[in-house]
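# Structural description and commentary
Residues per chain are reported as follows:
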Amino acid sequence: MRRALVLATILVASACSGDPGDSSSSPFASGVITTSIISIPSTAAGSTAVPLTNTNTTAAGTTAPPATAAPTTLPTGIPTIALAKVADLVQPVAVGTRVGDNALYVAERTGTLRKIVDNAVVPEPVIDISARTQAGGERGFLGFAFAPDGAHLYVNYTDLDGNSNVDEFAVAADGRVDSASRRRVLFQTQPYANHNGGDLVFGPDGLLYIGFGDGGSGGDPQNNAQNLGIWLGKMLRIDPRANGRQAYTVPGDNPFVATAGALPEIWSYGLRNPWRYSFDSANGDLWIGDVGQNAWEEIDWQAASAGAGRGVNFGWRRREGTHDYNTSTDAAGAVDPIFDFSHANACSVTGGVVYHGAAVPSLAGTYLFGDYCHTGLWGLRLRGTVLEQFDLGTDASSVVSFGTGPDGELYVCSIGGTLYRIVSA
C-alpha cells in the first residue's frame, strides 16, 4: 500500500548540468527541485508499488496527479542554518565515529584516516592505505565504518587496479588501529573506472551494509543492477567477522539466500551508484542518495517497518528516478524514490543523514542532503502524510558526504578540503 503525500517545495538554484560520473567534471557519479505530489513506498520484498510522479512526467502506465503550488518562503519553524568550519583536510570524503570515543574520524580520499579531537586534527593518521589506492576520478579511499563494539575498523577503497576492496583491521581498546592486522573481507572486480559506490554502514541490526554502483561506463551497459547474480548495482548485507575459513557470514534472513541464481549477500538491488546512505538513528529507516544518469537524481527511502529495503528493487536501469530510461529492461516490482530532482541546476546527489542533534532543534527529524554541483544543502521531512522539502541555504560547495559526530551534531565534507559542522545561524 502507498500513502499519498503532498511535497511542499522551495525552488533552488545552482549552476551545473550533465552527468559528472561519466565525465571529468566531478569526482563522483550522479536541478531545480521540482514540485510534486508523490507517494511514499511502504512495500515489502516481492510486492509491487505503483510508480510515483514528479512534475508532469510520469513513469510508464501511470496517471499524473495535479502538482501543488510551491511556497515562496520557508515553512514555519525551519531556521537558516550555517556551517562552522572544523578543519582543513585533503579531499575529505567520509565521516564517522567509534563507540566510546569522543573523537571524530574522517577519511581522506588519498588514503588516510584522520582523527579530530576538540576540533584539532591529530597529526599522526589513524591508518594509512595510500600505498594500496590512488585517488582520481571516482577512485580512492571511499568509505569506512567502525564495528558496533569498536574493536574492528572496516575500509572500502579501490586498489591500484581500480577494483573494490573491503578490508578489516583490529582496533585496540585505546583506539589504536593495528595496520599489520589487515584482512580482506570482500573483493569486487570493477569493469570501468566509475560508479564504485564505496560507502560502509553498520545498520541497527549490527550488520554491515555495503553499497556498490552498477560497475560504471554509462547507462549500465551490462544491465548489472538488475542481475541478481552479481554484486554490482546492489546493497549487500553481511556479518563481516571471519567465520572459520569463511571471510564473512551471510545472514540467514537475507532476502535471496534461497533464490536460485542469486547471490545471498544481496539486500536490495536496482541501484546506479548509491553515493551515501544512512539509517535514521531514531527509527531505523533507510535513506539512500542514488546518483542519476543524464537527467534525474533520486533519494530512496524505505521504512524499517517495511523491511528497510529488504529485497527491494529500486528500478535502475529501467528508470532514472521516476522517469523512463531504458525501457527494454524489465524491473518487475520496482519501487520509486521518495523524491527525485532534475539536472536543470544539479548533477550528482550526495545522500545525507536524518538530523537529531541539539544545535538546531527545529531541524529534528529532517533528512539533510546535497548535490555536488549545488552550493547549499536541502532537507526532506515527513510530517504524517506530508513530505516537506526545504532549501536550507549555506555556502557549502562540492559536498560529498555527511556524518553524525560523537556530539550528535551533523558534519559535512567538501571534497575541496573542508570539514564543516552544521550550526544555527
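Residues numbered from 1 in each chain as written. Predicted model: local features only at pLDDT ≥ 70, side-chain atom pairs only at ≥ 80, totals over all residues. Heavy atoms only, no water.

## Focus on the state of the cysteines
- This structure, assessed with the given rule, holds one disulfide.
- Bridging cysteine 347 to cysteine 373, the disulfide has an S-S length of 2.0 Å. Given an S-S torsion of about 80°, the disulfide between cysteine 347 and cysteine 373 has right-handed geometry. With cysteine 347 in the loop between β24 (339-342) and β25 (349-354) and cysteine 373 in the loop between β26 (367-371) and β27 (378-383), this residue pair connects regions lying 26 residues apart in the sequence. There is no split in this pair, since cysteine 347 and cysteine 373 are both buried. (Disulfide = S-S within 2.5 Å. Helix = DSSP H or I, 4+ residues; strand = E, 2+ residues; numbered from the N terminus. Buried < 20%, exposed > 50% of the residue type's maximum accessible area, 1.4 Å probe, protein only.)

## Things to note about the layout of surface pockets
- Computed from the structure, the largest pocket encloses a volume of approximately 920 Å³.
- Along the wall of the largest pocket there are 41 residues; nearest its centre are Gly96, Thr97, Val201, Phe202 and Thr404.
- Counting only elements with at least two residues in the lining of the largest pocket, the list comes to β6 (92-96), β11 (141-146), β15 (200-202), β19 (274-279), β25 and β29 (399-404).
- Here the lining of the largest pocket is built from residues that sort into 20 nonpolar, 16 polar and five charged.
- In this model, the second largest pocket occupies a volume close to 210 Å³. (1 Å grid on protein atoms, 1.4 Å probe; cavity = no way out; pocket = protein on both sides within 12 Å on 5 of 7 lines; lining within 4 Å. Points joined across faces, edges and corners; volume = space filled by probe spheres on them. Nonpolar A, V, L, I, M, F, W, Y, C, P; charged D, E, K, R; others polar.)

## Quick look at the packing of aromatic side chains
- Within this structure, the stated rule accounts for 14 aromatic pairs.
- A centroid spacing of 5.8 Å and a plane angle of 90° characterise the contact between tyrosine 209 and tryptophan 267, whose relative ring orientation is edge-to-face. Placement of tyrosine 209 in strand β16 (residues 208-211) and of tryptophan 267 in strand β18 (residues 266-269) is noted, with a sequence separation of 58 residues between them. Across this residue pair, the class does not change: tyrosine 209 and tryptophan 267 are buried.
- Ring centres of phenylalanine 341 and tryptophan 378 lie 5.1 Å apart, and the angle between their planes is 75°; on these two criteria the pair is classed as edge-to-face. Residue phenylalanine 341 is found in strand β24, and its partner tryptophan 378 is found in strand β27; the two are separated by 37 residues along the sequence. Taken as a pair, phenylalanine 341 and tryptophan 378 share a single burial class, namely buried. (Phe/Tyr/Trp six-rings, centres within 6.5 Å; stacked < 30°, edge-to-face > 60°.)

## What about the pairing of β19?
- Among the six residues in β19, six count as buried, and that is most of the element.
- As paired elements, β19 and strand β20 (residues 286-290) share four bridges and run antiparallel to each other. By the bridge assignment, serine 278 is partnered in β20 with tryptophan 287.
- Here β19 folds back onto β20 in antiparallel fashion, the turn holding six residues, of which glycine 284 has a positive phi close to 80°. (Pairing = 2+ DSSP bridges.)

## Remarks on the pattern of salt bridges
- Scanning the model with the defined rule gives 14 salt bridges in all.
- Notably, a salt bridge pairs aspartate 174 with arginine 176, separated by 2.7 Å at the nearest N-O pair.
- What makes aspartate 174 partly exposed here is its relative accessible area of 45%.
- A residue is classified by how much of its surface remains accessible, and arginine 176, at 60% relative accessible area, is exposed.
- Linking arginine 318 and aspartate 324 is a salt bridge whose minimum nitrogen-to-oxygen distance equals 2.7 Å.
- For arginine 318, a relative accessible area of 15% translates into the label buried.
- The network of salt bridges with common partners includes Glu168, Arg183 and Arg241. (Salt bridge = Lys/Arg side-chain N within 4 Å of Asp/Glu carboxyl O.)

## Focus on the confidence of the model for the protein chain
- When pLDDT is averaged along the protein chain, the result is 85; 81% of the residues meet or exceed 70.
- Ignoring residues within four places in sequence, the model shows residues 1-74, a span with pLDDT below 50, making 231 contacts including any to other chains. (pLDDT = per-residue confidence, 0-100. Contact = heavy atoms within 4.5 Å.)

## Thoughts on the sheet that holds strand β14 (residues 177-188)
- Taking strand neighbours across the sheet as the criterion, the four strands line up as β11-β12-β13-β14 in an open arrangement whose pairing is antiparallel. The sheet terminates laterally at β11 and β14, the two strands that pair on one side only. On average, each strand axis in the sheet is inclined to that of its neighbour by 20°, with strand direction left out of account.
- In terms of strand pairing, strand β12 (residues 152-158) meets strand β13 (residues 164-171) through seven bridges, oriented antiparallel. When the bridges of β13 are listed, tyrosine 154 appears paired with glutamate 168. (Axes fitted to C-alpha atoms, helices over the stretch in contact; angles between N-to-C directions.)

## A few points about the side chain of serine 414
- Here serine 414 lies in strand β30 (residues 410-414).
- The residues contacting serine 414, other than those within four sequence positions of it, are Pro92, Ser397, Ser398, Val399 and Tyr420.

## A closer look at the environment of alanine 332
- In this fold, alanine 332 is placed in the loop between β23 (323-324) and β24.
- Taking the C-alpha atoms as reference points, alanine 332 and asparagine 313, 19 residues apart in sequence, are found 7.9 Å from one another.
- With residues near it in sequence (within four places) discarded, alanine 332 still touches Tyr269 and Asn313.

## Re the nonpolar core
- Counting residues in each nonpolar core, the largest one holds 51 residues, and the members touching the most others are Leu113, Phe144, Leu153, Ile299, Phe369 and Leu419.
- Discounting residues that sit within four places of it in the chain, leucine 419 has contacts with Ala84, Lys85, Val86, Ala87, Leu89, Val95, Leu104, Val106, Ile116, Tyr411, Val412 and Cys413.
- Core analysis: the next-biggest nonpolar cluster, separate from the first, contains 20 residues, Leu186, Leu208, Phe212 and Leu236 among them. (Core = buried A, V, L, I, M, F, W, Y, C linked by side-chain atoms within 4.5 Å.)

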